[in-house]
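Here's the letter readout for the chains.
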Amino acid sequence: MDNQGFDSELRTYYNDVKTQIKNEHSEYIKKHPELREILNDFLSTVMLEKPQDVYEYAQQYFSYFNIEKDKILLKPIIISGPSGAGKGTLINMIVQQHSDKFQKSISYTSRKPQRGETHGVEYYFVSREEFEKEIAKNSFLEFCVYQGEYYGTHKGKLESIIQSCKIAILEIDVQGAKKVHKEHPEWNYLFLNAPSLEELEKRMKARGSQLTELQIDERLKIAIKEIDESKKLGFYQNLVNDDLEECVEQFIKIQKTKYNDIKW
Ligand SMILES: Nc1ncnc2c1ncn2[C@@H]1O[C@H](COP(=O)(O)OP(=O)(O)OP(=O)(O)O)[C@@H](O)[C@H]1O
């Protein structure tokens with residue numbers, strides 16, 4: 001390439017950056033002799049076995065490093081259900097009572113925190129720009145726009161729950177769950193409902209945040225649609241939240257049958 005057009009100051013700058021990166025890299029390699037070992041071993045076995053599909057071979061070869069002795073990675077649970085069914089209440093109760101087994105997956109959102117909300121508790125509150133950067137990096141398992149704001153499940157955050165050997169619980173609406181199911185049909189999907197539409201309406205009205213009659217009507221219409229669609233999808237296990245204590249018990253009973261390789 002002809003470098004003559006380069007401004008000399010810019011060239012010096014680039015050279016400095018290049019040297020700096022080179023130094024950083026060699027320092028890192030010096031600190032991690034295992035890197036050379038791993039790569040040498042990998043190349044040697046590739047030369048030895050000469051696989052047809054090197055990508056597939058590499059995937060299998062390196063998956064060995066994920067296996068920690070006795071470490072059991074548990075499938076997440078996706079909970080959907082109409083507004084007012086008690087998803088949030090149920091999840092909080094489960095996580096409080098069984099903190100050794102379950103952990104709530106906290107979503108990212110671009111909306112501003114409301115009074116009393118804390119970053120990392122209700123949501124990870126990020127700016128719209130940060131959220132969009134993460135979308136570009138394909139960091140979300142699923143995301144949606146609700147009332148003009150982004151909401152999504154960050155793969156990295158979810159992975160760290162899975163790696164801690166806990167069952168991650170994700171609250172995701174039916175549309176989001178549909179997307180996740182396409183990628184992970186083996187995960188567990190639970191549809192929580194109130195015992196009746198009347199009870200659903202009662203709970204919506206009883207909630208702190210005052211909803212207008214119109215908003216409640218709107219939510220009930222969406223609820224009917226969601227209940228209908230959940231039945232058609234066929235991958236949900238149904239759970240009715242009538243008495244909360246009983247619902248928690250029922251939830252645990254279901255999970256005992258699904259996760260029988262852990263101590264209950
Ligand atoms: N078993 C129950 N019996 C009576 N009330 C309940 C029960 N479970 C939850 N509730 C109440 O119903 C209301 C809605 O609960 P919650 O906010 O957990 O619902 P949600 O499904 O998470 O709704 P949204 O999707 O709108 O956030 C709350 O006031 C909660 O205290």
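Scroll up to find the structure.
As a starting point, this report considers the structure included with it.

Reading the values: the criteria
Every chain is numbered on its own, with residues counted from 1 as its sequence reads. In keeping with the model being predicted, local features are shown solely for residues with a pLDDT of at least 70 and side-chain atom pairs are shown and tallied solely at 80 or more, while totals for entire chains, interfaces and linings include all residues. With hydrogens and water stripped out, all remaining heavy atoms of the structure feed into the side-chain values. Near residues are defined by distance, with any heavy atom within 4 Å of the molecule or strand qualifying the residue. Nitrogen and oxygen atoms within 3.5 Å of one another constitute a polar contact, given that in protein one can donate a hydrogen and the other can accept it, and given that sequence-neighbouring residues count only through two side-chain atoms. The numbering of helices and of strands both runs from the N terminus, where a helix is a DSSP run of H or I of at least 4 residues and a strand a run of E of at least 2. Only Phe, Tyr and Trp rings are paired, with Trp represented by its six-membered ring, and only when their centres lie within 6.5 Å; those with planes under 30 degrees apart are stacked, over 60 edge-to-face, the remainder tilted. Charges are assigned to positions over rings by a cutoff of 6 Å between ring centre and Lys NZ or Arg CZ, combined with an angular limit of 35 degrees from the ring normal. For each residue, the accessible area found with a 1.4 Å probe, counting protein chains only, is set against the maximum for its type, and the residue is called buried under 20%, exposed over 50%, and partly exposed in between. Here a strand pair is declared whenever DSSP counts at least two bridges between the two strands.

### With respect to the site of the ligand
Turning to step 1, where the next piece is worked out: Looking at the ligand, there are 15 residues lining it, with Ser83, Lys87, Thr89, Asn241 and Asp242 nearest.
Turning to step 2, where the next piece is worked out: In the environment of the ligand, a nitrogen atom lies 3.3 Å from a nitrogen or oxygen atom belonging to the side chain of Arg203.
Turning to step 3, where the next piece is worked out: At 2.7 Å, a side-chain N or O of Asn241 approaches a nitrogen atom of the ligand.
Turning to step 4, where the next piece is worked out: It is helix α4 (residues 87-97) that provides the largest number of residues to the shell around the ligand, a total of 3 residues.

### Observations concerning the packing of aromatic side chains
Turning to step 1, where the next piece is worked out: A complete count under the given rule lists 22 aromatic pairs for this structure.
Turning to step 2, where the next piece is worked out: Aromatic rings pair up to connect Tyr108, Tyr124, Phe131, Phe140, Phe143 and Tyr150 into one cluster.
Turning to step 3, where the next piece is worked out: The ring of Tyr124 is capped by Lys157, whose NZ or CZ atom sits 4.5 Å from the centre of that ring.

### A closer look at the pairing of strand β6 (residues 149-154)
Turning to step 1, where the next piece is worked out: Among the 6 residues in β6, 5 count as buried, and that is most of the element.
Turning to step 2, where the next piece is worked out: With 6 bridges connecting them, strand β5 (residues 140-146) and β6 associate as antiparallel partners. Bridged to Glu142 within β6 is Thr153.
Turning to step 3, where the next piece is worked out: Counted between consecutive antiparallel strands, the loop separating β5 from β6 contains 2 residues, among which Gln147 sits at a positive phi close to 50°.

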